[in-house]
Amino acid sequence: SPYSGMMQVEGVKMIHYGPLWDTMKKKGITQYKLIKEYGFSTGQLSRLRANENVSTNTLNYLCEILDCQLEDIACYSKEDITKNNKKLKEKEAED
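Residues numbered from 1 in each chain as written. Predicted model: local features only at pLDDT ≥ 70, side-chain atom pairs only at ≥ 80, totals over all residues. Heavy atoms only, no water.

> Report on the nonpolar core, specifying residues and quantitative values.
L20, L34, L48, L66 and I73 are the most contacted members of the largest nonpolar core, which has 17 residues in total. Where this core is concerned, the elements lending two or more residues are α1 (18-27), α3 (42-49) and α4 (56-66). With sequence-adjacent residues up to four places away left out, I73 is seen in contact with H16, Y17, P19, L20, L59, L62, C63, L66 and C68. (Core = buried A, V, L, I, M, F, W, Y, C linked by side-chain atoms within 4.5 Å. Buried < 20%, exposed > 50% of the residue type's maximum accessible area, 1.4 Å probe, protein only. Helix = DSSP H or I, 4+ residues; strand = E, 2+ residues; numbered from the N terminus. Contact = heavy atoms within 4.5 Å.)

Here it is as structure tokens:
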């Protein structure tokens, strides 16, 4: 895998889409409207709700629909990385 050198901690989402739902509400765009009027896939919405990986094309399309910036739909939380690195080191020390 091209990411084999990257550390991942299971269950941790460092990028999340919490801001998306607030932006959609402010813009008056519902999930139903995304699906019916913009042809957005239900699978992509499910991945966004679960903070799972989505393509940059999906993020670009959302920015177009919502007339917003990337930070209005996604958030990177470095805090999660720091906390999880500490937890991982503690776990390794126990082993």
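> I'd like to hear about α3, residue by residue, with values.
Those residues of α3 lying buried are Q44, L45 and L48. On an axial view of α3, the arc spanned by its buried residues comes to 100 degrees, and they lie on one face. In this structure, the buried side of α3 is in contact with α1, α2 (31-38) and α4. N51 sits one or two residues past α3 and shows a positive phi near 55 degrees. (Arc of directions from axis to C-beta.)

> With reference to specific residues and values, describe the environment of Y38.
With respect to the secondary-structure elements, Y38 resides in helix α2. Take Y38: its relative accessible area is 29%, and that puts it in the partly exposed class. Separated by 23 residues in the primary sequence, Y38 and Y61 place their C-alpha atoms 9.4 Å from one another. Ignoring any residue separated from it by four or fewer positions in sequence, one finds Y38 in contact with I29, K33, Y61 and I65.

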